[in-house]
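Per-entry structural report
As a plain string of letters, each chain reads:
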Amino acid sequence: MLKVLRDWVQRYFSDEQAVVLAVVLVLGFTAVLTLGNMLAPVLAGMVLAFLMQGMVNLLERLRLPQTFAVWIVFTLFISALALILGVLVPLLWQQVSTLFQELPGMLAEWQSLLLLLPERYPHVVTDEQVLRAIEVTRSEVAKFGQWALTFSLSSLPLLVNIMIYLVLVPILVFFFLKDRELIGRWFSGYLPSERGLMTQVWDEVNTQIANYIRGKVIEIVICGGVTYVAFVWLGLNYAALLALLVGLSVVVPYIGAVVVTVPVALIALFQWGWSDQFIYLMVVYTVIQTLDGNVLVPLLFSEAVNLHPVAIICAVLLFGGLWGFWGVFFAIPLATLCKAVLDAWPRAGPGNVAAGG
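Quick caveat, the model's predicted, so the values are computed rather than measured.

If you tally the helices and strands in the protein chain, you get 14 helices and zero strands. Split into buried and exposed, the 357 residues of the protein chain put 29% on the buried side. Considering only contacts within the protein chain whose residues lie at least 6 apart along the sequence, 74% involve residues at least 24 apart. If you sum the accessible surface of the protein chain, you get close to 22100 Å²; carbon and sulfur atoms cover 71% of it.

Next comes the structure, spelled out in structure tokens:
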């Protein structure tokens, strides 16, 4: 057993650069796991600066000075943030408040519809199944109401955290954009001079991760915007709230589209019942999801790493369990990083292992 373990260590860790890369990865993941909550504004600023770095590079290629390019991109960022806070957030808050007020009426309507199912389909649905479903729904709604009450009572610390983010994150974004080379040289000074393996892994994943994150943000904006226009055109209630859910659903491959279909269908069913308008809405919604999966995603992620669906789902479950929403959002980039590390990891041949033993 000890010989097998020794041979395995000599095969995968005989290269000094591999040991250094392993140490750096372990320290990085440990820092995020243990200090992630405290350093969350810094991490958010790094991610946003990473997203906007491509635009800065584009302006620099157009012969604009680096400082001027940073100021242009940062001004666009602040303008977009002000638009979201001044227009989108109040609209969403209004629709959420209205939804809470109408929720009891919706539940009563859905309950009456469920009670009709045993009469129309007695061989498929029984009264006991319907009553059990109603009880489960009431229990979940009661839990949700208790959570909403607790959330409202503890909203003051949340508001303080939001204000901290709104102040710190833009400042951090500006300095990450402005002093990226200075920060990079400072960080590189603490790394070994022989870091060819780390450079190889970084070069392999940098472009792909940047393209993926930017593409995912563009996909969220396009899907959410098109869905909002379609829902408003069809006259669906809570169009902005549902469009936001549809936009965010693209973060979770395969699962998000299925999950977000439920609130869209339920609200449409409550508003129109089993009518032609309900069918029109579901057809339009299906077309949007189909175009997203078959046209937009291949167009935006043509250069993304080809990961197996099982690997994507496992990455979403693992990193989502560790870091919540952000873990889900970065699941595919992190899976890409793991794949690049495994592909580039040096391995000693069986002969070298035997010779070393």
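Counting 25 residues, the largest nonpolar core has Ile213 and Phe329 as the members making the most contacts within it. Taken together, the elements giving at least two residues each to this core come down to helix H8 (196-234), helix H12 (309-329) and helix H13 (331-344). Take this core: its biggest share by element is seven residues, from H8. Sequence-distant contacts of Ile213, that is, excluding residues within four places in its chain, are made with Phe50, Leu51, Phe329, Phe330 and Pro333. Core analysis: the second largest hydrophobic core is formed by 23 residues, Leu92, Ala265, Ile267 and Ala268 among them.

Inspection of every chain in the model, using the stated rule, returns five aromatic pairs. Between Trp71 and Phe174, the ring centres sit 4.8 Å apart and the planes meet at 50°, which makes this aromatic pair tilted. Taken as a pair, Trp71 in helix H4 (residues 66-120) and Phe174 in helix H6 (residues 155-178) lie far apart in primary sequence, 103 residues in all. A relative accessible area of 44% means that Trp71 is categorised as partly exposed.

Next up on the list: helix H3 (residues 40-61). The end-to-end C-alpha distance of H3, which contains 22 residues, comes to 32 Å, matching closely the 32 Å that a straight helix rising 1.5 Å per residue would cover. A bend of about 35° at Met52 is the largest found in H3. For H3, the complete set of buried residues consists of Ala40, Pro41, Gly45, Ala49, Leu51, Met52, Gln53, Val56 and Leu59. Once H3 ends, the next one or two residues include Arg63, with phi positive near 75°.

Our next topic: the UniProt feature "transmembrane region" (unreviewed entry) in the protein chain. As annotated by UniProt and renumbered to match this structure, "transmembrane region" (unreviewed entry) occupies residues 12-32, 68-93, 158-177, 217-236, 242-266, 278-301 and 307-332. Spanning residues 68-93, this segment combines 100% helix with 0% strand, and its end C-alpha atoms are found 36 Å apart. A distance of 25 Å separates the end C-alpha atoms of residues 217-236, which is 90% helix and 0% strand.

The next thing to look at is the environment of Val205. Following the sequence through the fold, Val205 ends up in helix H8. Its relative accessible area of 2% is what places Val205 among the buried residues. In this structure, the C-alpha to C-alpha distance between Val205 and Cys338, residues 133 residues apart in sequence, is 9.6 Å. Every residue in contact with Val205, bar those within four places of it in the chain, is listed here: Thr336, Leu337 and Ala340.

A low pLDDT means the predicted coordinates there should not be read in detail. Overall, the prediction assigns the protein chain a mean pLDDT of 76, with 77% of residues at 70 or greater. The secondary structure element of the protein chain with the lowest average pLDDT is helix H14 (residues 350-356), at 47, and the one with the highest is helix H9 (residues 239-249), at 87. Every residue in residues 353-357 is under pLDDT 50, and counting partners more than four places away or in other chains gives six contacts.

Here we take up unusual backbone geometry. With phi around 75°, Arg63 is a residue other than glycine that occupies positive phi space. One can find Arg63 in the loop between H3 and H4. The exposed category is assigned to Arg63, whose relative accessible area is 76%. A positive phi angle is found at Tyr238, which is not glycine, with a value near 55°. As for its placement among the helices and strands, Tyr238 is situated in the loop between H8 and H9.

A few words now on the packing of H9 against helix H10 (residues 255-272). For the pair H9 and H10, the least separation of the axes is 9 Å and the interaxial angle reads 165°. Here H10 runs roughly antiparallel to H9, going by the angle between their axes. Handedness of the crossing formed by H9 with H10: left-handed. Together, Leu242, Leu245, Val246 and Ser249 of H9 and Gly256, Ala257, Val260, Pro263, Val264 and Ile267 of H10 make up the contact between the two elements. Here the residues of the contact of H9 with H10 are counted per class, giving eight nonpolar, two polar and no charged.

Each value, and the rule that gives it
Residues numbered from 1 in each chain as written. Predicted model: local features only at pLDDT ≥ 70, side-chain atom pairs only at ≥ 80, totals over all residues. Heavy atoms only, no water. Helix = DSSP H or I, 4+ residues; strand = E, 2+ residues; numbered from the N terminus. Buried < 20%, exposed > 50% of the residue type's maximum accessible area, 1.4 Å probe, protein only. Contact = heavy atoms within 4.5 Å. Areas by Shrake-Rupley, 256 points an atom, 1.4 Å probe, with all protein chains shown as cover. Core = buried A, V, L, I, M, F, W, Y, C linked by side-chain atoms within 4.5 Å. Phe/Tyr/Trp six-rings, centres within 6.5 Å; stacked < 30°, edge-to-face > 60°. Expected span 1.5 Å × (residues − 1). Bend = angle between axes of the 7 residues up to and from the residue. UniProt positions renumbered as here; feature names shortened; annotations may be inferred. pLDDT = per-residue confidence, 0-100. Axes fitted to C-alpha atoms, helices over the stretch in contact; angles between N-to-C directions. Parallel < 35°, antiparallel > 145°, perpendicular 65-115°, else oblique. Left-handed = near helix turned anticlockwise from the far one by under 90°. Nonpolar A, V, L, I, M, F, W, Y, C, P; charged D, E, K, R; others polar.

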